[in-house]
Amino acid sequence: METVLMREEALARPDDERQKKLYVTLKSITSLADDINAFEFVSADGEPLPAFTAGSHIDVHLPDATIRQYSLCNSPDERHRYVVAVLRDPAGRGGSVAMHDTLRAGDKLFISAPRNHFALSKSARRHVFIAGGIGITPVMAMIAEVRKRGEPFHLFYCARTPQRAAFLDRLKTLIERGDVSLHFDNGDPRNGLDLASTLERRPADTHLYYCGPGRFMDAIEAASAHWPAGTRHCERFSASGAIKESEAATETETPFDIELRRSQKILTVPPGESIVDVMRANGVEVDTSCCEGYCGTCMTRYLAGEPLHRDTVLDDEDREEFVMICCSRSKSPKLVLDL
Ligand code: FES
């Protein structure tokens, strides 16, 4: 699978990040569109929250102990709150339904510090955003940032209907100015944005950012395949087709050892089991969410060995230092983890 995400901001140490759980109050829940609510979190002790960059997401630790990732959609200038927008998806894995149906204003819960796998390029002179449905959430923060920088951009915002499109009120001025175009397909992608013609030409120094449902992302990836490496950035909320296909190779996998350097443990990962499975079976706690290599929750630094990467988050540079232990394996007989 080609990794199209390339970020220019250094990743914080994942083990440090995992320790940085923030205790917050859910201050408000606001309806943004059909089945889409905004959830506003403030720190429980009234202190400013850690700063974040456009494109960041947080882990939300739900009352049933599941962890879900949601992109921050408020301005990165704000330190007094984090805002996420969540589409209630009954066909999903349950996180969005729990957010909508069980959380109430005033609830206290833990979230992670923000992490960014979808950062704006610092070298781009112009930015093209394509958002599908709830994929608009990180793009709202990114647009706030590029406007602050004074850099030109265009957002193609695709949704089924206006009723299912969040933030239309906030985008009104930009729509009138021509910086944002709306594309409603009423459920038939043939009526939607023509991706091939939209992405055929790449203006100089332009970077592309896209986020939305899996098939929508796959179509954009294919339509922009001719764009130069490093100019396309995306964030997935489900595993790509390529990742799912790779699961079929499980039977042919060979066992390998993992060394947890700081815990001084050596464990064997057999075929068909993940590194996370083996760690948990041996009493080692590890946070996971998607378990399919697209959310970044399990990102771990490795110190030696050669991982067989199977995520859709890390770019080539990051893969020299980090591995997603929920889905990746090892090409070398032993993989040494900084755990
Ligand atoms: S748990 Fe999501 S990438 Fe590993």
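(A) Inspection of the environment of L174 at higher detail. With respect to the secondary-structure elements, L174 resides in helix α4 (residues 168-177). The spatial distance from the C-alpha of L174 to the C-alpha of L155 is 9.3 Å, given a sequence separation of 19 residues. Not counting residues within four places of it along the chain, the set of residues in contact with L174 comprises I143, R147, F153, D179 and V180.

(B) Region of the structure containing the pairing of strand β14 (residues 299-304). Examined bridge by bridge, β14 and strand β16 (residues 322-324) share three bridges and lie antiparallel to one another. Residue pairing for β16: M299 is matched across the bridge by M324. Two elements, β14 and strand β18 (residues 334-337), share two bridges in a ladder whose sense is antiparallel. Its bridge partner lying in β18, Y302 is registered against L337.

(C) Spatial organisation of unusual backbone geometry. The residue N186 is not glycine, and still its phi comes out positive at about 50 degrees. Structurally, N186 is set in the loop between β9 (180-184) and α5 (195-200). Given the relative accessible area of 59%, N186 is considered exposed.

(D) Quick look at helix α6 (residues 214-223). Considered for burial, the residues of α6 that qualify are G214, F216, M217, I220, E221 and A223. Where α6 is buried, its residues touch β7 (126-132), β8 (153-159), α5, β10 (206-211) and β11 (232-235).

(E) Region of the structure containing the sheet that holds strand β3 (residues 57-61). Spatially, six strands are ordered β4-β3-β6-β1-β2-β5 in an open sheet, and the strand pairing comes out antiparallel. Edge positions in the sheet fall to β4 (67-71) and β5 (82-87), since each of these pairs with one other strand and no more. Across this sheet, the average inter-strand angle for adjacent strands is 40 degrees, counted without regard to direction.

(F) Quick peek at the packing of aromatic side chains. One pass over the full model with this rule turns up five aromatic pairs. For the pair Y23 and F110, a centre-to-centre distance of 5.0 Å together with 40 degrees between the ring planes defines the contact as tilted. Of the two residues, Y23 is situated in strand β1 (residues 21-33) and F110 in strand β6 (residues 108-112); the sequence distance between them amounts to 87 residues. Given the relative accessible area of 42%, Y23 is considered partly exposed. Take F110: its relative accessible area is 40%, and that puts it in the partly exposed class. Each ring, one from F52 and one from Y82, has its centre 5.8 Å from the other, and the planes form 80 degrees; the classification is edge-to-face. Of this pair, F52 sits in the loop between β2 (36-43) and β3 while Y82 sits in strand β5, and the two are 30 residues apart along the sequence. Here F52 matches Y82 in class, with each residue buried. Put simply, the rings of F118, F129, F153 and Y209 touch in pairs and so form one group of aromatic residues.

(G) Structural context of the nonpolar core. If you look at the biggest cluster of nonpolar residues, it comprises 31 residues, and the most contacted ones within it are F129, I136, L155, Y157, F167 and L171. Once you skip the residues sitting within four places of it in the chain, F167 turns out to touch L32, C73, A85, I136, T137 and M140. Judged by nonpolar contacts, the second largest core, of 25 residues, contains I258, M279, V284 and C298.

(H) Molecular detail of the side chain of T231. One can find T231 in the loop between α6 and β11. A distance of 2.6 Å separates a polar atom in the side chain of T231 from the backbone oxygen of P228. Apart from residues lying up to four places away in sequence, T231 is in contact with R202, T206, H207 and L208.

(I) Region of interest: the pattern of salt bridges. Per the stated rule, a full pass over the model turns up 21 salt bridges. One salt bridge in this structure joins D35 and R164, with 3.9 Å as the shortest N-O distance. Residue D35 is located in the loop between β1 and β2, and its partner R164 is located in the loop between β8 and α4; the two are separated by 129 residues in the primary sequence. Judged by relative accessible area, D35 falls into the partly exposed class, the value being 40%. The class of R164 is partly exposed, set by a relative accessible area of 31%. R236 is the salt-bridge partner of D218, the closest N and O atoms lying 2.9 Å from each other. Of this pair, D218 sits in helix α6 while R236 sits in the loop between β11 and α7 (241-246); the two residues are 18 residues apart in sequence, bridging distant segments of the chain. A relative accessible area of 32% means that D218 is categorised as partly exposed. Looking at R236, the relative accessible area reads 5%, which means it is buried.

(J) Looking closely at the sheet that holds β10. If you walk across this open sheet you meet the five strands as β9-β8-β7-β10-β11, and the pairing is parallel. Either end of the sheet is taken by a strand with one partner, and the two such strands are β9 and β11. Along the sheet, successive strands turn relative to each other by an average axial angle of 15 degrees, direction set aside. Here four bridges tie β10 to β11, and the two strands are oriented parallel to one another.

Definitions and cut-offs
- Residues numbered from 1 in each chain as written.
- Predicted model: local features only at pLDDT ≥ 70, side-chain atom pairs only at ≥ 80, totals over all residues.
- Heavy atoms only, no water.
- Helix = DSSP H or I, 4+ residues; strand = E, 2+ residues; numbered from the N terminus.
- Contact = heavy atoms within 4.5 Å.
- Pairing = 2+ DSSP bridges.
- Buried < 20%, exposed > 50% of the residue type's maximum accessible area, 1.4 Å probe, protein only.
- Axes fitted to C-alpha atoms, helices over the stretch in contact; angles between N-to-C directions.
- Phe/Tyr/Trp six-rings, centres within 6.5 Å; stacked < 30°, edge-to-face > 60°.
- Core = buried A, V, L, I, M, F, W, Y, C linked by side-chain atoms within 4.5 Å.
- Polar contact = N/O pair within 3.5 Å; in protein donor to acceptor, adjacent residues only side chain to side chain.
- Salt bridge = Lys/Arg side-chain N within 4 Å of Asp/Glu carboxyl O.

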